[in-house]
Amino acid sequence: MWNYRITSVWGIPIRINVSLLVFLPVLAWLIGSGEQITIYTGIINGFTPSPLDAADLRAGNTPWLIGSLAAVGLFVSVALHELGHSWAARRYGIEVESITLWLLGGLANLQTIPREWQKEFWIAIAGPAASVLVAAVAYAAVLVVPASLPVVTFVFGWLVVTNLVLTVFNLLPAFPMDGGRVLRALLARSQPYATATRTAARVGALFALGFAILGVLSFSPLLLLLALFVYGGATSESRLVALDTLLDGVTAADVMTTDTERVTGDTTMADLATRMLEEGRTTYLVTGDDGTVAGIVSVDDFKRSRGQDTTVEEVMDTNVPRITGETSLFDVYGLMNRDRVDAAIVEADGEIRGVITSTQMATALQIRREAGSVAAPRTAM
């Protein structure tokens, strides 16, 4: 939510989150503060051909100019970092759906996370490698910028230091940060993928705790936010990998209901409730005037009903995923969560073969969790 597309690279949409738009002026002010300029001037003078004068850089409106240029430069650097991940992912044939720049940096949204440790390793390391490359280019700029342009020299020097610091920080083994993904990749060389993920997630949780403690002691809201991000990301991905492992080999055809029943869109919710009680069903396909399936209505849709005269057409889910019998159940789970619906339609040769509901998903999960390999999946249709 609240993401705005600003451009695209290699066909990948680059989006900016509203949190970054709000934070950029604050970041510009922080970078342009007199104390920060003095500190970084001392560092930059260690590798610039022409020493900078901190007093000149702090005069008049120069700090605001420095802060603004450096803040924009930082998030251009972050975008290039994410493009590094994207380049490596595309080399392995993995689609990158988008790149989002936000308050804590950037996120490259890969269509899938590879389970082969070599692929994940190189995709994870490509981001920090891109940051090092950006630092090298900025360093080269410092060497060639004329001494008459101290603001430009300072900004490029600041980007050298910042990109190197961010590279080291990103390589901390705090899953799901880059270093955490490198850790999982290396663990997956000798462990099952799910086990490697759990181990990396535990390490990430410990780092999150450390970030939280530092955030409290230093009164840093950003560190607290980072702690929440790392902890939430680590636990969330760990659960998803566990779910994927649990559903390994199970397809839509193994779980779907084939004896689907239908109702017309003008059926009232009161009549639907009566039919559900009589037939013991909770989900129905909804047909339009031309007889084609227009959506799905389930018992959960009664929450949106405004009374007995509300029709099925008014509350049904129309954005229902349409899948094949060979679609993995884990992918079905992802599609249903993406579209925020409680069912999916299974098709073959243009005909509807069945329906999968969230209740059936939960039942399949429970059976696989309790019975394990004893409950072998049926042959997909």
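These numbers were taken from a predicted model, which means no experiment stands behind them.

## Things to note about the overall build of the chain
When helices and strands are tallied, the chain shows 14 helices and 10 strands. What you see for the chain is a C-alpha radius of gyration of 27 Å, clearly larger than the 21 Å of a compact globule of 381 residues, by over 25%. With the C-alpha coordinates of the chain rotated into their principal frame, the extents come out at 85 × 50 × 40 Å. For the chain, the residues scored as buried account for 43% of the 381 residues in total. Sequence-distant contacts in the chain: of pairs separated by 6 or more residues, those separated by 24 or more amount to 60%. Put simply, the chain shows about 19,900 Å² of open surface, and 60% of that area lies on carbon and sulfur atoms. Looking at the chain, you have 26 positive and 35 negative side-chain charges, and the mean spots of the two groups are 8 Å apart.

## Digging into the sheet that holds strand β3 (residues 96-102)
The sheet built from 4 strands is open, its strands ordered β1-β2-β3-β4 with mixed pairing. Since the sheet does not close on itself, it has two edges, and those belong to β1 (3-9) and β4 (105-110), each with one partner. Taking each pair of neighbouring strands and ignoring which way they run, the sheet shows an average axis angle of 25°. Both β1 and strand β2 (residues 12-17) contribute to a ladder of 6 bridges, which runs antiparallel. Within β2, the position partnered with S8 by the bridge is P13. Together, β1, β2 and β3 form the strand contacts of helix α1 (residues 18-31), whose direction differs from that of β2 by roughly 55°.

## Focus on unusual backbone geometry
The amide bond that connects F175 to the next residue, P176, takes the cis arrangement and shows omega of 15°. Tracing the chain through its elements places P176 in the loop between α6 (150-170) and α7 (178-187). In this structure, W10 is a non-glycine residue whose phi angle is positive, near 55°. For W10, the position within the fold is in the loop between β1 and β2. For W10, a relative accessible area of 44% corresponds to the partly exposed category.

## Some words on the pattern of salt bridges
Evaluation of the coordinates by the stated rule reveals 7 salt bridges. Salt-bridge contacts for R275 lead to E261; the nearest nitrogen and oxygen are separated by 3.4 Å. Taken together, the residues span a long stretch of sequence, with R275 in helix α11 (residues 269-279) and E261 in the loop between α10 (252-255) and β5 (262-264) at a distance of 14 residues. What makes R275 partly exposed here is its relative accessible area of 23%. Of the charged contacts, one joins E347 and R322 as a salt bridge, the two residues approaching to 2.7 Å between their closest N and O atoms. Pair noted here: E347 is in strand β9 (residues 343-348) and R322 is in strand β8 (residues 322-323), with a separation of 25 residues, a long-range link. You can call R322 partly exposed: its relative accessible area is 42%. Three or more residues joined by partner-sharing salt bridges are found here, namely E261, R275, E279 and R281.

## Details of the packing of aromatic side chains
Counting across every chain of the model gives 7 aromatic pairs. For the ring pair W117 and F121, a centre distance of 6.5 Å and an interplane angle of 65° mean the geometry is edge-to-face. With W117 and F121 both in helix α5 (residues 117-144), this residue pair falls 4 residues apart, about one helical turn. With relative accessibility at 25%, the residue W117 sits in the partly exposed group. On the basis of relative accessible area, F121 is assigned to the buried category, the value being 18%. When the centroid spacing of 5.0 Å and the interplanar angle of 85° are considered together, the rings of F121 and W122 count as edge-to-face. These aromatic residues form a ring-pair network of at least three members: W117, F121 and W122. The ring of W117 is capped by R189, whose NZ or CZ atom sits 4.6 Å from the centre of that ring.

## Regarding helix α13 (residues 329-339)
All buried positions along α13 are accounted for by L329, V332, M336 and D339. Down the axis, α13 shows its buried residues gathered within 90° of arc, on one side only.

## What to know about the confidence of the model for the chain
Summary statistics for the chain give a mean pLDDT of 85 and a share of 97% for residues scoring 70 or more. When mean pLDDT is compared element by element in the chain, α5 scores highest at 95, while helix α14 (residues 358-371) scores lowest at 79.

## Examining the packing of α5 against α7
At their nearest, the axes of α5 and α7 sit 8 Å apart, and the two run at 160° to each other. Between α5 and α7, the interaxial angle falls into the category roughly antiparallel. Relative to α7, the crossing made by α5 is left-handed. In this structure, α5 uses W117, E120, F121, A124, I125 and P128 to contact α7, whose residues at the interface are D178, R181, V182, R184, A185 and L186. Partitioning the contact of α5 with α7 into residue classes produces 8 nonpolar, no polar and 4 charged.

Criteria and thresholds
- Residues numbered from 1 in each chain as written.
- Predicted model: local features only at pLDDT ≥ 70, side-chain atom pairs only at ≥ 80, totals over all residues.
- Heavy atoms only, no water.
- Helix = DSSP H or I, 4+ residues; strand = E, 2+ residues; numbered from the N terminus.
- Rg over C-alpha atoms; globule rule 2.2 N^0.38 Å.
- Buried < 20%, exposed > 50% of the residue type's maximum accessible area, 1.4 Å probe, protein only.
- Contact = heavy atoms within 4.5 Å.
- Areas by Shrake-Rupley, 256 points an atom, 1.4 Å probe, with all protein chains shown as cover.
- Lys, Arg positive; Asp, Glu negative; His and termini not counted.
- Charge placed at Lys NZ, Arg CZ, Asp CG, Glu CD.
- Pairing = 2+ DSSP bridges.
- Axes fitted to C-alpha atoms, helices over the stretch in contact; angles between N-to-C directions.
- Salt bridge = Lys/Arg side-chain N within 4 Å of Asp/Glu carboxyl O.
- Phe/Tyr/Trp six-rings, centres within 6.5 Å; stacked < 30°, edge-to-face > 60°.
- Lys NZ or Arg CZ within 6 Å of the ring centre and 35° of its normal.
- Arc of directions from axis to C-beta.
- pLDDT = per-residue confidence, 0-100.
- Parallel < 35°, antiparallel > 145°, perpendicular 65-115°, else oblique.
- Left-handed = near helix turned anticlockwise from the far one by under 90°.
- Nonpolar A, V, L, I, M, F, W, Y, C, P; charged D, E, K, R; others polar.

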